[in-house]
Structures are given as C-alpha cells and as structure tokens.
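# Structural features, examined
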4 protein chains.
Amino acid sequence: MNFDIIRTGRAVLHVTDIEKSKKFYDALGFIITETDDNQIFLRGLEEHNHHSLLLKQRETPALEVISYRVKSEEDLEQLATKLQKDGNEIKWLQEGEQKGLGRAFRYQDISGLPVEFYHHMDRVDRKLQQYDLYKGAKVQRIDHFNCMVSDVEKAHNYYINEFGFACSEYTTGEEDKIWASWLHRKPSVHDVAYMNGPGPRLHHIGFWLKDPMSLIDGCDVLASIGYAPNIERGPGRHGLSNAFFLYLRDPDGHRIELYNGDYFTGDPDFEPIRWELDDPLRQTFWGHEAPDCWFEEATEVLNVLTNEKVQTQAAKLKKRKPTFVI
Amino acid sequence: MNFDIIRTGRAVLHVTDIEKSKKFYDALGFIITETDDNQIFLRGLEEHNHHSLLLKQRETPALEVISYRVKSEEDLEQLATKLQKDGNEIKWLQEGEQKGLGRAFRYQDISGLPVEFYHHMDRVDRKLQQYDLYKGAKVQRIDHFNCMVSDVEKAHNYYINEFGFACSEYTTGEEDKIWASWLHRKPSVHDVAYMNGPGPRLHHIGFWLKDPMSLIDGCDVLASIGYAPNIERGPGRHGLSNAFFLYLRDPDGHRIELYNGDYFTGDPDFEPIRWELDDPLRQTFWGHEAPDCWFEEATEVLNVLTNEKVQTQAAKLKKRKPTFVI
Amino acid sequence: MNFDIIRTGRAVLHVTDIEKSKKFYDALGFIITETDDNQIFLRGLEEHNHHSLLLKQRETPALEVISYRVKSEEDLEQLATKLQKDGNEIKWLQEGEQKGLGRAFRYQDISGLPVEFYHHMDRVDRKLQQYDLYKGAKVQRIDHFNCMVSDVEKAHNYYINEFGFACSEYTTGEEDKIWASWLHRKPSVHDVAYMNGPGPRLHHIGFWLKDPMSLIDGCDVLASIGYAPNIERGPGRHGLSNAFFLYLRDPDGHRIELYNGDYFTGDPDFEPIRWELDDPLRQTFWGHEAPDCWFEEATEVLNVLTNEKVQTQAAKLKKRKPTFVI
Amino acid sequence: MNFDIIRTGRAVLHVTDIEKSKKFYDALGFIITETDDNQIFLRGLEEHNHHSLLLKQRETPALEVISYRVKSEEDLEQLATKLQKDGNEIKWLQEGEQKGLGRAFRYQDISGLPVEFYHHMDRVDRKLQQYDLYKGAKVQRIDHFNCMVSDVEKAHNYYINEFGFACSEYTTGEEDKIWASWLHRKPSVHDVAYMNGPGPRLHHIGFWLKDPMSLIDGCDVLASIGYAPNIERGPGRHGLSNAFFLYLRDPDGHRIELYNGDYFTGDPDFEPIRWELDDPLRQTFWGHEAPDCWFEEATEVLNVLTNEKVQTQAAKLKKRKPTFVI
C-alpha cells in the first residue's frame, strides 16, 4: 500500500438541539474548541488537533461521517486514486470548506458507511496538564468507532486487505462466521469495530479515559445533574478488549463509550483473540447482561453525496445478540 | 438506657458445602482466622477480633444469627434483663461455648430475626498493614446487616426507642409509611437496615472496602476464577447512603455487599434523609434498575430456641419493589 | 463524666491576605458557605454544618482557636463548670456573636492551646451528592487537629482522664516517654494528635478525602494553577495511622493535611498501637524522609483572653525529629 | 529506511544474588516465565512474548544489553547491514543461543551503550485477564529505557536520523543544548530517553502499569515485606511526559520505574515539547525535589564484544542536575 492510515480521526454527528448537546458534552468533560449557532467542535484533554467530534444542528439525528487521519497529503491523494480506480465515487472537500480541516474526501465504504479521510487538521493547545480544567469523566482522546453492519466478514476482510488494518480480537457466530471484529491501525485494540446487525449504522464512538476512577467520577457527575437516564450500560469490564466501559446516550440517542483499559497490539506476531458469541465473559467479563436497546438501537447514517439516509440491510448472520447462559 | 450497643458484630450463616464456601470467601479477600471440618471463621483485614463471619456446614442454607457487640459484660447483663422483663425468651451461651466468643445471648427480635449480643471476642492480629496479604476485594471489616421484614416501621421504632439506634436515611412508600430504614449505632450510615418484604429474612451482610478500586479489583478477580455468575448487581452508586456497591451471591445464595462510601452520622443534629420509594436516584444514583432477584430472594432465618426455620409473614406494605420511571 | 465531646469541630485561622487564601482553599475543593470582606467560612462536601474552617484577615498569621463539638447545650454547661472548678479561666461567646455558631466558650488548655467548645452550629445544605461541585481534592470533612506541645505525656493523660478521649496509636521516645499521641472521641484514628516540640503550636489541620485518587487529583490541580510550591510532603502512607497523606502549606504557611485511610477504633478492647520514634515505617510506611520544615515549622497560637501570641516552651523530650536509618 | 524498529523489547541485567532478585521482582508483580540456577526470565501481565527482562547471576551488577524489536527477520538483516556499512562491529547471536529468542545481533551504539536487535521471541500465554495472578504493582509491560550519556544531542540526532525515532519531549540546558530527550518508535512518549551525565550508563528501565492505584498498591505491598528502603523517589507526577511515576532500586541497585500516564504521539504533526532544565514543574509537576542519588547513581554497562565494563565519559554539558528554585 502506498498510503498510511494513522488512526481514528473525528466523527460528525447531526443533533437536533445544539444547546442540549452542548450541555451534555460539556458535562462529560470535553473541551469545546469553538462553537457557533449550529456547530460545536469538541476535543479531548490531550488532543492537539482542532476537534475529534463535530456536532451540527439538523432536523434529524444522524451520522454525517466517520473520519480517519492519513499520514500526509500524498497519502491522501494515493488513497483517493486507489478508491476511484476500484470504482468508488468520492467527494472532495477543499481546505477551509470544513472549519479546522485541510483537504478531505468522503465516500460510502464497503459496508455503506459514510467515511472520510483527511491529513491536515489545525493545531490547538493541548490541555493535558491543565488539570484545573478536568471535569466530568475527563475525556482524553477519541479512540474508535463501532459500527453495526450487515456483513461483518466482508468489512473485516476489506479493511485488512485493502487498508492495512490488523485484527486484535473477533467473535464468531453461526458456522464460524465472523460475527464481530475489532480492527486497528494505531497499536491499540481498535480504531474501528464491526458488529453483526441491520446496517450500516453507527453503534457508538469510543473515547479514552486516563484511569478507571474517571469513569466512576463521570457517572457521579452525570447523575448529579440529571443525566442518570443517559447511562445505558456499565460500568463494567468487557471480556473482549479488556475495556473498563461505560455507555451513554446523548440527548439525541447517539451512543458514546467511555473507555479505559486497552493493551499494546503493535507486535507483528500478535495473534487475534477469538471469542465465541455466547461466551458470557465476552460481552461482560463480570457476567452482566446488556440491555436489549444496546443491541438494537444505533445511529442512522447518511449518503455522502445525497445527504439522504442510507437504507439499512438485514444482518447476514441471524443471531443478533448473544444468548446468556449464566 | 443502661446498656450500649456498639456496632454490628458478626453473622453466623449455614452453608451446604464448606469447601466451596471457603474457596469463595478466600477469593473475596477475607482473612481465614481458623477453620475445621465444618466451620470457617472469617474476618476483614483491619479486624482485631477473632471473626466477623462464621460459616457452619449444615444441610440447608440459613441464617443462624446476626450479632451485635455491646460495650461491657455489664451492658450485656442489663440488656438481657431488659429483654426478659419485656417478655422475651432469651437463650444464654456461655464463654467458650462458641469459639472465640465470650458469653452471649440470643433471642428472636421484634421482627422475628435471630439476634445475638456479646461483649467479649478473642483478640487476633490485625492485618491492616500486611498489604502483601491483600487480595480479591481486600475486605476490610464488617459494616452492616440488611434484613427484609414484614413491618419495617415497627422494627424502625423499636430499634430507635428501645435500643438507641439513630436513623440516617429512610424510604417512604404508600401513605407515607416507612418502606425501608437505615439505622446505626456507630456513626456511619448503618449497622442494620430494614426493607419491606416477606420476612423475617436476611437480605445481605455488608462489608466495607478501603476504596472504590478494591471493588473493581474484586470484580476482575472473581470473574477470572469463574465467579462472574455470582456477581448479582453493580458496581453502582446507591442514592440512598451514597454507597459505591457490589452485590454478590455466595455458593449457597447468601448475599454479600461490598461497600465503599459512607459518611459521618454522629452529630446530634443529623436529620434523617427521606427518599421516595419511586425516586429513581434512590436505588441507583446512576439510574440502573436492579434485577428482580435482588428484591425477591433472601436468606431464611432460624429460631434461636428450636433451630427450625422461621415462617415468613407477608409484607405489610403492598409494593415490594420500586417502579422505575426512567 | 457528665459531658460528651463528640468530635473535632472547626478551626479559626488568621490569614494576612483573604483573597489569596480564598483562591487557595477554593482550588483545594472546599465549599465556601459564605464570605465577607475579612472572613471566609469553609466546609467540606459532606458537612451539613455552617463551617469547619474559618479564616479571618489579620496582620499576622496565627491560630485563634481549635474547637470541639459537644453533644448538647447541657454538656457544654457541665464542661464549663468542670473547667472553672479546676481553676481555668474561660471566656463565653454568646449565640450569634460568632456567625453560624451558638453559645461557645474558650480557654487555654493543659498545653496552652486556645481551645473552644460549642454545641450548636447552623445547618446548611450537604453537598455530598452534588458531584458536579466536586473539584480539586474534593475535601469531604474536617477530621483532626495536630498540635506540637512541649509536654505530650501531660496532654495525653489529661485528654484521656479528664475529657474521655481514647488513644489509638502513640510513639515513644527517650526513656519510653510518649513522644507523640493520637487521641479520638469519634471512633476514627484521631480527633487530635500531639507531637513533641516547642509549643504550644498548631502543626496541621487534617481533612478527610473520599478516596486515594482524590489526593492525586488534588496534587495535579494544585500544580496546574501554580501551587506546586505549596505541596510540602507526600503523597505517602504513614505507618502510624495507616493514612494516605498529603501536606500542604496555605499562603500564610498554615499546614493542611489531606487524608484518606483510617480504620474503626470504637471497640472497648482496642489496644493502642505503639511505635518507636526511630522506626522508619512509622513516619512514612514507604520509607521517605520528611523535609526538615515539616518538623520545625508550625502555626503560632493566641491567648483566648488577650489575643496575644502565646510564648512557646521548649520541648520536654530532647529529640525533636526521628533519626532515619534507612 | 528499509527497516522498522517497533519498540523497546527487553533488557538483560547482571545481578549478584539471583534468589534475592527473584523475590524482589516477584513481589513487584512480574510474571516469571521460567527460571534456572542463574537466570530469571520475567514479563508483564499483558505480554505475550517470552520475557522483557532477563536477570543473569554474575559477580558484578551491570547492564549486559538493552534490546529493541524489529518488524521482521528481513528488517533485522537490513539493519545489520546498515550498521556494518557505517563501520560498526556487530556480534550475531543465533536462534536458540539465547533462550526464547530468535536471531539477534549486538553492538555498541553511538553513545557506547550495549544495544541489541531481534525480531523473533517465543510466544507465551498472556495473563491479561487472569486477574487472580495480579499482585504487587501488577506490572503490565515494558515501556522504555532511560540512559545517561555524555552527549545527549549526538544520541538524539542519531536515533532520529538513522533509526527513525521521533522526539516527544526534550529539555534544554546551557546554550540551548539538548540536556535530555525522550524518543519513541511506538506512538507513546518514549521507547528510550537520554539524560546528560557521565555515561554510557543505564539510568532505569520503565514498566507500564494499568492505573495510578496499581502504583500505590505497589508501594504498600513492597513496604509491607521490607522493601521500603528500595523506594527511591515518588510517587509523583513528572511534568515532562506527564507520567505518574515511582522509582525503585532492585537489590543490586538497578533502577526500575513504574509508570502510568502517557499519551498518544503517533501524529505526523506532533511537535516535541520543550522544557527548560530549571523549570521546577519539569522534573516533578508537584514540585518535589528528587534525591541526589537519583541524578548520580546508574548502572554500568558492558562491552558486547569483550564483556568488560565500558569506561564512562564526562558529561558534555556541565550542569548535571536541575537547580530547584521553588
């Protein structure tokens, strides 16, 4: 490959009430880089780039795009060329067309997800050592996307073979087919994960926290100011990924994961860890069942060319959630 | 009152497989003071008395007795006299009759619970600063009993008026009747709590941990060795009591709470905090629903004279669990 | 005794720049109950009384008084009577004379320290579950005073025999004399500690934190806003008391301890733990040497009648700090 | 470059009493992969390779070699060719010659340090989710080497230009010369750091912990079993790197850093952070002075060809430790 995708970069979400969203993400402990009447640019405490989460006020909640960073402008060019050669229609966005961002292009990926690539993002102050600004769950940085797609194995193979991702862990369902897959470019557990389900949909965006107590602090602060109903699942430990997790629903129902744990996956001899779908330790190492809504609800995604909602396809594997046998 | 009940002292539980129980409580991080073929004496890391939990091998799981410590032998005598004068039948156990324990007496309390009082317990080494022995959830000390009784208000009034307990927090149900009550002698949130339900039954025994991370470590260790199914509820934060909690079921289904949080309740002007039964923040500050089994299942208790199971009475207040409205 | 001293109540410190002090204590995570041109009333997050620390703007830094709470107005009266009968001159302050406080009296205690007793303090909102207000080290409540006195054994005996305190731990120096003593009324490690040194002086006021991470968060936040030079010692673990500690110097040099750990001391058979002065684990369980200033510097105290500084006496035991032999 | 150095791999230390060393590293929470009469192979809990620390019993304590892992056997070959072409004498070690390791070569690097490269190391079970094995400080994985060298700027330039390392943070001393430098291949703060001082010497080996509490637990456990004198510095927060750190001395005086914190450095536009040598927040964000021994003592290193001690050179920059001005 003549291009290098570095990492998960940013997501653009549509929200229906920008003031409500601002209050929620501010409480969570994001840094607000800037904001105008219908946009909020958010980043984590250690991030030195303009934003990793962009919220836009629109009539309907949706995912506009998930976005990966590439190593250089040349990498961006090479990747665009490859995708077009493979028959994909891409849409360029020029420098300055999106605040804080350099040139970028978008397309609908192998699963129908709206995906963007960019190299340049404006630099801003890193707040890592301004501990006096730490609050809520003290969100440190964006970590990964988790997407529900109708054919996980297809996405899994494509991202590995065409984009150079590596698999850290995966789940097998019926006939040993891949039911879910965790893929990374940076040497962590994932930059993106795919789960079997009606898709394409965005299941959640994961943000990394500095320690387990930040997650507990996050619960306490959110509950104190009326967001207890927004805590959907957790805190708990995933068997798969070993993450200490918390799932929240923002005011539009977009799901945010707060996340601490992770391990180094950058070794060439790292062997992907396989889990059975019905292994009770997989979903939650501590044995708790996830609520149904966690398996069923997800954010709808847009077509990058038409801005229309993408129709979801039925999941290829029948079982849409694990059977708990505890 | 001419007697001083100091604190929650110990509990005696019947278990059906002493080896299984030993493995479980050892994994949890208790110190085993001593053990023989059909008894295990357990204590927390900071406890300087012989045991705070005694497990006896029997054919059926049950609570034999919950036990409070009084300030002196004279206090014990005065309390016995008072109870007999009030028409209660008490049963004396002489020094040495119970390993590690001095004189004690037992009776069936106002709720029909088997209750014991003692002053003397043998002293043993405190392990507080032998951190190399810390493991599992690093249990520090016994904190409280939680009992399901058919008439909470009756128990609440009796323990306050006759035994000198104070109420830290309580829950009201229908017609403003007391649905649950937290009562203490030591200046913490509770030594005993009563909940409305078919009773008398023991709901759980609470043990205090030194910090929130010990609770998370406890989950990880228990799950690693196959006890994930024993984790019934949590970790979470109770609104009522502000406790960071975890509920476990031991191999016989006895419920153990691991607990960190608490606050000082020793002020004469401390006003009991009132919660509505259906306030979603009460049960779980973070808004999670407790599983049905947590409300329905509890340990049966024995008659101190006959060793027969005590028949449960229907709960006086109809509603047996909160309605969650989140 | 016909009076019951409940606990450490409050301290009144003189500071030279009220704005500087306000900024410092606010950063630490205290709740400011109220403030005027030359006074700040501070309390911890779980405190339901008006204040536990009062700062008054004066020309010279000093301790005006340390103050204990008694159980009732009658206890206050009995205690005053006893002290007068014993030949002490006391000074009454009527209800309302001090903001938030009921009747109180002051006198110079056995060590020459300015000591106050009160029963009533106005009630205010407890902020325990307003986690959105938590910041800095998230100070929970006042815990204890530590005083440097010229004759520790005299103070130790007096507080035990005349005031009903109990000793949890103590240090012996030359000829097995008591070099330092930790005494409590509430069943924690201490309400007051005495250390051998030129006195009477206030060594520090200890505040209790909810967990070890709050202490680390406190360090990070303080350092972020320029208070690194105010961190005098720690974080570390004391062998004596098992406290996880941090010592800070406020803008006037008054020493504040942030503190997590503690254990239950309310048992009648609790035996005081004895430490040798030169046991390296005593001062710091992890073996660090404390800086000289920690042993040498302390806050001067006032005479309650004249408001003049009390002259310090030389320490009775010669050795004024431990010899480290590690 | 036609080779890819992935990360810090392992270190080989000479120790004088293998039993003493075993006891120490076991207490710290390392996993012992295997051991024989005069060697111990140690790894962290998440490591899936045979070892990251090898201790060999010898008469004198020394560093035998620090070792980096490369991506493939071909990378190893290319790197060897390059170094030889540049005039370095290298020494090959064949597969199996070192237990657990594939082919490797060693040479004396630009600073005179004994450096090794390898690709293959045997795979072993990862213990990440066997939390029942966690103990002490629960060491997770090797993170970095810190070396004292006489010419930091030379090493800094060489590793960046010839080996493809990137600089995350650095310190400037007299005449704006680089006094210390933190360099990485994996996207963390460092794989290796260089400090100005008499060298070449190994200052410490850094191991990564999962959370701040593991570091505190480590202190408590070590102190409980007599290792308090081995705690040299910390816990504290470095300004530079933002690490929450603890420095230990093993029974031979080799220095081990336990470390939590870190941030993502994998972005192409990451700008190295510059610190002034005398900035008090640099060394210790919380303002503590490090003990002199931390600046002065370090492990001597061996010549890879002769096994003789390498003579140290005087430091090029005069100032050998910061001036604290707090």
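Residues numbered from 1 in each chain as written. Chains lettered and ligands numbered in written order. Predicted model: local features only at pLDDT ≥ 70, side-chain atom pairs only at ≥ 80, totals over all residues. Heavy atoms only, no water.

### A closer look at the overall build of chain A
When you go through chain A residue by residue, the secondary structure sums to 6 helices and 18 strands. For 326 residues, the compact-globule formula gives about 20 Å, and the C-alpha radius of gyration of chain A, at 19 Å, lands near that figure. Here the C-alpha coordinates of chain A stretch approximately 50 × 50 × 40 Å along the principal axes. Approximately 10,800 Å² of chain A is accessible, and the part contributed by carbon and sulfur atoms is 44%. Separation of charge centres in chain A, based on 40 positive and 53 negative side chains, amounts to 1 Å. (Helix = DSSP H or I, 4+ residues; strand = E, 2+ residues; numbered from the N terminus. Rg over C-alpha atoms; globule rule 2.2 N^0.38 Å. Areas by Shrake-Rupley, 256 points an atom, 1.4 Å probe, with all protein chains shown as cover. Lys, Arg positive; Asp, Glu negative; His and termini not counted. Charge placed at Lys NZ, Arg CZ, Asp CG, Glu CD.)

### Things to note about the packing of aromatic side chains
Within this structure, the stated rule accounts for 92 aromatic pairs over all chains. Centre to centre, the rings of Tyr-159 of chain C and Phe-165 of chain C are 5.2 Å apart; their planes meet at 75°, and the pair counts as edge-to-face. For Phe-165 of chain C, a relative accessible area of 4% translates into the label buried. Ring centres of Phe-244 of chain C and Trp-286 of chain C lie 5.9 Å apart, and the angle between their planes is 50°; this geometry places the pair in the tilted category. In this pair, Phe-244 of chain C sits in strand β15 (residues 244-249) while Trp-286 of chain C sits in the loop between α5 (280-283) and α6 (292-296), placing the two residues 42 residues apart along the sequence. Here the aromatic cluster, defined as three or more aromatic residues joined through ring pairs, consists of Phe-3, Tyr-68, Trp-92, Phe-105, Phe-117, Phe-145, Tyr-158, Tyr-159, Phe-163, Phe-165 and Tyr-194 of chain A. Taking the ring centre of Trp-208 of chain A as reference, the NZ or CZ of Arg-141 of chain A above it sits at 4.3 Å. Cation over ring: Arg-103 of chain B sits above Trp-92 of chain B, and NZ or CZ is 4.0 Å from the ring centre. (Phe/Tyr/Trp six-rings, centres within 6.5 Å; stacked < 30°, edge-to-face > 60°. Buried < 20%, exposed > 50% of the residue type's maximum accessible area, 1.4 Å probe, protein only. Lys NZ or Arg CZ within 6 Å of the ring centre and 35° of its normal.)

### Topic: the domain arrangement of chain A
All names here are of chain A. Once the domains are mapped, chain A shows domain 1 (5-118) and domain 2 (137-300). With centres defined by C-alpha atoms, the gap from domain 1 to domain 2 works out at 20 Å. Contact residues are listed per partner, giving 45 residues for domain 1 and 43 residues for domain 2. Both sides of the domain 1 and domain 2 interface together cover about 3,500 Å² of buried area, and 66% of this is carbon and sulfur. Among the residues domain 1 hides against domain 2, the three largest losses belong to Phe-24, Leu-28 and Ile-110. Together they make up 19% of the total. Between Lys-82 and Glu-162 there is a salt bridge, with the nearest N and O atoms lying 2.6 Å from each other. (Domains from an automatic or database assignment. Contact = heavy atoms within 4.5 Å. Buried area = accessible area lost by both parts, 1.4 Å probe. Salt bridge = Lys/Arg side-chain N within 4 Å of Asp/Glu carboxyl O.)

### Here's the deal with the pairing of strand β9 (residues 141-149) of chain B
Along any regular strand the residues' side chains alternate between the sheet's two faces. All names here are of chain B. Of all the 9 residues making up β9, 9 are buried; the element is thus mostly covered by neighbouring parts of the structure. With 7 bridges joining them, β9 and strand β13 (residues 201-208) adopt antiparallel strand pairing. The residue of β13 that forms the bridge with Arg-141 is Trp-208. Note: β9 against strand β12 (residues 192-196), 5 bridges, orientation parallel. Its bridge partner being in β12, Met-148 is matched across the sheet by Met-195. (Pairing = 2+ DSSP bridges.)

### Remarks on the nonpolar core
A general tendency of soluble globular proteins is for nonpolar side chains to be buried together. Formed by 384 residues in total, the largest nonpolar core has its most connected members in Phe-117 of chain A, Phe-117 of chain B, Phe-117 of chain C together with Phe-117 of chain D. Excluding its chain neighbours within four sequence positions, the residues that come into contact with Phe-117 of chain A are Ile-5, Ser-67, Tyr-68, Val-70, Leu-76, Leu-79, Leu-83, Arg-103, Ala-104, Phe-105, Tyr-107 and Phe-163 of chain A. (Core = buried A, V, L, I, M, F, W, Y, C linked by side-chain atoms within 4.5 Å.)

### So, the relation of the copies chain D and chain A
In the superposition of chain D on chain A (RMSD 0.0 Å, axial shift 0.0 Å), the rotation amounts to 180°. With respect to symmetry, the two chain copies, as superposed, fit the operation of a two-fold axis. Judged by C-alpha distance, Asp-211 of chain D is the residue of chain D that lies nearest the rotation axis, at 2.8 Å. Comparing contact sets, 100% of the residues at the interface of chain D also lie at the interface in chain A, consistent with an isologous, same-surface contact. (Least-squares fit on C-alpha atoms with pLDDT ≥ 70 in both.)

### Quick notes on the side chain of Asp-217 of chain D
Mapped onto the secondary structure, Asp-217 of chain D falls in helix α4 (residues 212-224). In this structure Asp-217 of chain D comes out as buried when scored by relative accessible area, which is 10%. The residues touching Asp-217 of chain D, leaving out its near neighbours within four places in the chain, are Lys-138, Lys-210 and Asp-217 of chain B together with Gly-136 and Lys-138 of chain D.

### Quick notes on the sheet that holds strand β8 (residues 114-118) of chain D
Residue and element names in this part refer to chain D. An order of β2-β3-β4-β1-β5-β8-β7-β6 is seen for the 8 strands of this open sheet, with the pairing classed as mixed. Single-partner strands in this sheet number two, and they are β2 (31-36) and β6 (91-93). Averaged over all pairs of adjacent strands, the angle between strand axes in this sheet comes to 20°, irrespective of strand direction. The pairing of strand β1 (residues 5-15) with strand β4 (residues 53-57) spans 5 bridges and is classified as parallel. Opposite Val-12, over in β4, you have Leu-54 as the bridge partner. (Axes fitted to C-alpha atoms, helices over the stretch in contact; angles between N-to-C directions.)

### Focus: the pattern of salt bridges
Residues and elements named next belong to chain C. If you walk through the whole model with that rule in mind, you get 124 salt bridges over all chains. One salt bridge in this structure joins Lys-82 and Asp-86, with 2.8 Å as the shortest N-O distance. Look at Lys-82 and you get buried, because its relative accessible area is 16%. Classification of Asp-86 by relative accessible area gives partly exposed; the value is 42%.

### A closer look at the interface of chain C and chain A
Across the boundary between the two partners, chain C contributes 13 residues, which contact 13 residues of chain A. Between chain C and chain A, the buried area comes to about 940 Å², and carbon and sulfur atoms account for 56% of it. Notably, a salt bridge pairs Lys-138 of chain C with Asp-217 of chain A, separated by 3.9 Å at the nearest N-O pair. Of the residues belonging to the side of chain C that touches chain A, the class tally is 4 nonpolar, 3 polar and 6 charged. (Nonpolar A, V, L, I, M, F, W, Y, C, P; charged D, E, K, R; others polar.)

### A word on helix α2 (residues 73-85) of chain C
Residues and elements named next belong to chain C. With 13 residues, α2 ought to run about 18 Å at 1.5 Å a step, and its terminal C-alpha atoms sit 18 Å apart, in line with that. Among all positions of α2, only Asp-75, Leu-76, Leu-79, Ala-80, Lys-82 and Leu-83 are buried. Projected down its long axis, α2 carries its buried residues within an arc of 165°, all on one side. Among the exposed residues of α2, those oriented more than 90 degrees off its buried face are Glu-74 and Lys-85. Along its buried surface, α2 packs onto β1 (5-15), β5 (62-70), β6 (91-93), β7 (104-108), β8 (114-118) and α3 (152-161). Residue Gly-87 follows α2 closely and has a positive phi angle near 100°. (Expected span 1.5 Å × (residues − 1). Arc of directions from axis to C-beta.)

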